[in-house]
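Remarks on the overall topology
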Amino acid sequence: PRKVKNICCIGAGHVGGSTCAVIASNNPDVVVTVVDLNVERIKAWNSEELPIYEPGLLKLVQQARDGARPNLFFSKNMGSAIFEADLIFVCVNTPTKQTGLGAGQALELDYLQAAIKRIAEVAQNDKIIVEKSTVPCRTAETIQGIFSASGRRGVRFTVLSNPEFLAAGTAVADLLHPDRVLIGRSKTPDGYAAAAALADVYAAWIPRDRIVTINLFSSELAKLSANALLAQRISSINSLSAICEATGADIDEVSYACGLDTRIGPSMLKASVGFGGSCFRKDVLSLCYLAESLDLPEVAAYWKGVIDMNEYQKDRFTTNIVSCLGHSLAKKLAVLGFTYKKDTNDTRESAAISIVSNLTAKGASVSIYDPRAKMDQVWRDIDTYVSVSGSAYEACMDAQAVIILTEWDEFSNKPLGGALENAQRSSDNSSGHPSGASDLTGGDASKKSKLDWAFVAKIMCPPKYVFDGRNVVDAGKLTELGFHVECIGKPSMS
Ligand code: NAD
Ligand code: UDX
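Note that the coordinates shown come from a computational prediction; the quantities given were computed from them, not determined experimentally.

Things to note about the overall build of the protein
- On a plain count of helices and strands, the protein comes out with 19 helices and 14 strands.
- Relative to a compact globule of 494 residues, whose C-alpha radius of gyration would be 23 Å, the protein shows 24 Å and is just as compact.
- When the backbone C-alpha atoms are referred to their principal axes, the protein occupies close to 75 × 55 × 45 Å.
- Within the span of the protein, comprising 494 residues, buried residues form 55% of the whole.
- Restricting the contact set of the protein to residue pairs at least 6 apart, pairs at least 24 apart contribute 76%.
- When the accessible surface of the protein is summed, it comes to about 21000 Å², and 55% of that surface belongs to carbon and sulfur atoms.
- One way to put it: in the protein the 51 positive side-chain charges average out to a point 4 Å from where the 55 negative ones average out.

Spelled out as structure tokens, the structure:
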């Protein structure tokens, strides 16, 4: 196959920026240019304060962007980047549609179509077009249709699917050591050649046996399926957490015992206040929509259950807070953690958004602390007034209850070690590579010192509840400090 020398990536978001940093740093002879309609984002990628927080990412970007032979560029000039590229990643956002046919369920493909139309206008030579965005099954056909309709003669566009499996917070580690790289191609000479050219780019750092090539539509569907299966595990364990609370069983022990079965495995089995993030909800809903449009209502209803269970889990958690605190919600509540998981500044679809909104709607006065979420982002996410604190202690001062909504390490009072604890930590790490992000962070600022719970007990006021939505605290130890503790899927402790 023709060797790829020049790559353009349309979309400088979480996936486009991180993926291209890793591709560029492992392919020093390939020029990688990331473009975006949002010029502020491009400016930030060219600065020392990247638009997204990912452990290890800044260092990697700096090496490829600012070194003696830079090969990673963030540019406003989309036209020339497309013109010069022989391979183009399309990495734009595909959120849930807000209006029109399929609103609230189907994926919005307008951004993707705009990017494809731009490529069709600008291209003068053959291009490999790589769907990196998560898309419904058969989108490659739609893309090929846009190219055909554009009436360009003498330019061949070969469409590949190459979905991304990285998770936020471990993006660099996931990209450096992926379980697999998936390439979908049509079974045509052009399809085979394009897939081989893309595989060569990844083979610069990924063993060949991890680069898997399959049919185009299978690859598109595999991405939606993988996210649906991962989300389903969390909803399954969360459904069992409700049974634990009603019976006195302990969900962390149930999860540990089940995860020891190699057919089940320990990851994505950590009970929580509910999954968040920009992908799970929208991708499961997209699968439901696909099933409905294929006239498979039973299939749609089956996957919809995963979303319903997640909503139930968030509601259950809020209801328990209200029932424990009775009618005194107006006395201050401290919320620790606002991002949808640790080691990210991303708050999209965070369980914290609905829980805090529900509490404030019931008259609660809430003070939020998160080590990474930006204050203005929290205020954009919550319609009613909440105070945002600069430290956990400020948030907890004079609060009657602490509500933990993100599993940031600094909130935990558990020591490392012990089979159960280690198993739970490895199940937190969806990437499955135990060194994970911690190796990459070095002296990272996220490694803050642990919360001094004895001090928290002193500065709070009665009844001193801890509602732990992530099971990060050792409830026994906190009761010794005078707290009432409510965890997910465990007996109440006082
Ligand atoms: P994002 O919102 O962080 O970034 C998308 C970027 O694309 C934005 O900066 C936006 O301005 C830009 N954009 C939109 N339309 C454009 C156009 N026509 N031309 C140029 N730029 C345009 O999104 P993301 O989180 O990086 O996700 C991108 C895709 O990858 C989505 O389909 C998502 O489902 C998928 N994905 C995301 C993750 C994740 O962890 N975030 C993981 C795997 C897959
Ligand atoms: C997810 C997929 O893991 C990734 O492969 C895909 O490419 C994008 O979507 P992400 O949303 O970034 O990644 O993080 P993930 O680690 O999957 O967590 C998603 C949500 O589930 C978070 O809110 C997390 O706290 C929650 N979660 C995860 C649990 O509640 N329990 C678990 O065991 C694991």
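Some thoughts on the domain arrangement of the protein
- Along its sequence, the protein is carved into domain 1 (6-206) and domain 2 (225-487).
- Centre-to-centre, using C-alpha coordinates, domain 1 lies 32 Å away from domain 2.
- With 29 residues of domain 1 at the interface, the matching set in domain 2 holds 29 residues.
- Between domain 1 and domain 2 lies a buried interface of about 2200 Å² when both sides are counted; carbon and sulfur atoms form 56% of it.
- It is Tyr 53, Gln 105 and Ala 168 that lose the most area in domain 1 upon contact with domain 2, and together they represent 32% of the buried surface on that side.
- If you look at where domain 1 meets domain 2, you find zero salt bridges.
- Here domain 1 is connected to domain 2 by four residue pairs in polar contact (both at pLDDT 80 or more).
- It is helix H7 (residues 171-176) that provides the largest number of residues to the side of domain 1 that touches domain 2, a total of three residues.

Quick notes on the sheet that holds strand E10 (residues 366-369)
- With parallel pairing, the six strands of this open sheet are ordered in space as E11-E10-E9-E12-E13-E14. Because the sheet does not close on itself, it has two edges, and the strands there are strand E11 (387-388) and strand E14 (484-487).
- Strand direction decides the pairing type here: E10 and E11, joined by two bridges, are parallel. In the sheet register, Ser 367 faces E11, and the bridge partner there is Ser 387.
- This element, helix H12 (residues 297-325), spans strand E9 (333-336), strand E12 (401-404), strand E13 (465-468) and E14 of the sheet and lies at about 170° to E13.

Here's the deal with the pattern of salt bridges
- Enumeration according to the criterion identifies 23 salt bridges in this entry.
- Linking Asp 29 and Arg 69 is a salt bridge whose minimum nitrogen-to-oxygen distance equals 3.5 Å. In this pair, Asp 29 is assigned in the loop between helix H1 (14-26) and strand E2 (31-35) and Arg 69 in the loop between helix H3 (57-66) and strand E3 (72-75), connecting sequence segments 40 residues apart.
- Put simply, Asp 66 and Arg 65 hold a salt bridge, and the shortest N to O gap is 2.8 Å.
- On the basis of relative accessibility, which here comes to 9%, the residue Arg 65 falls in the buried class.
- When salt bridges with common partners are traced through the structure, they connect Asp 250, Asp 252, Lys 270 and Lys 490 into a single cluster.

Side note on the site of ligand 1
- Around ligand 1, the structure places 26 residues, and the nearest of them are His 14, Val 15, Asp 36, Thr 94 and Lys 282.
- At a separation of 2.8 Å, an oxygen atom of ligand 1 approaches a polar backbone atom of Val 15.
- Counting residues per element, the ones that place at least two in the shell around ligand 1 are H1 and helix H5 (110-122).
- Take the shell around ligand 1: its biggest share by element is three residues, from H5.
- Its residues assigned to classes, the shell around ligand 1 shows eleven nonpolar, nine polar and six charged.
- Each of domain 1 (6-206) and domain 2 (225-487) gives at least three residues to the shell around ligand 1.

Definitions and limits used
- Residues numbered from 1 in each chain as written.
- Chains lettered and ligands numbered in written order.
- Predicted model: local features only at pLDDT ≥ 70, side-chain atom pairs only at ≥ 80, totals over all residues.
- Heavy atoms only, no water.
- Helix = DSSP H or I, 4+ residues; strand = E, 2+ residues; numbered from the N terminus.
- Rg over C-alpha atoms; globule rule 2.2 N^0.38 Å.
- Buried < 20%, exposed > 50% of the residue type's maximum accessible area, 1.4 Å probe, protein only.
- Contact = heavy atoms within 4.5 Å.
- Areas by Shrake-Rupley, 256 points an atom, 1.4 Å probe, with all protein chains shown as cover.
- Lys, Arg positive; Asp, Glu negative; His and termini not counted.
- Charge placed at Lys NZ, Arg CZ, Asp CG, Glu CD.
- Domains from an automatic or database assignment.
- Buried area = accessible area lost by both parts, 1.4 Å probe.
- Salt bridge = Lys/Arg side-chain N within 4 Å of Asp/Glu carboxyl O.
- Polar contact = N/O pair within 3.5 Å; in protein donor to acceptor, adjacent residues only side chain to side chain.
- Pairing = 2+ DSSP bridges.
- Axes fitted to C-alpha atoms, helices over the stretch in contact; angles between N-to-C directions.
- Near = heavy atom within 4 Å.
- Nonpolar A, V, L, I, M, F, W, Y, C, P; charged D, E, K, R; others polar.

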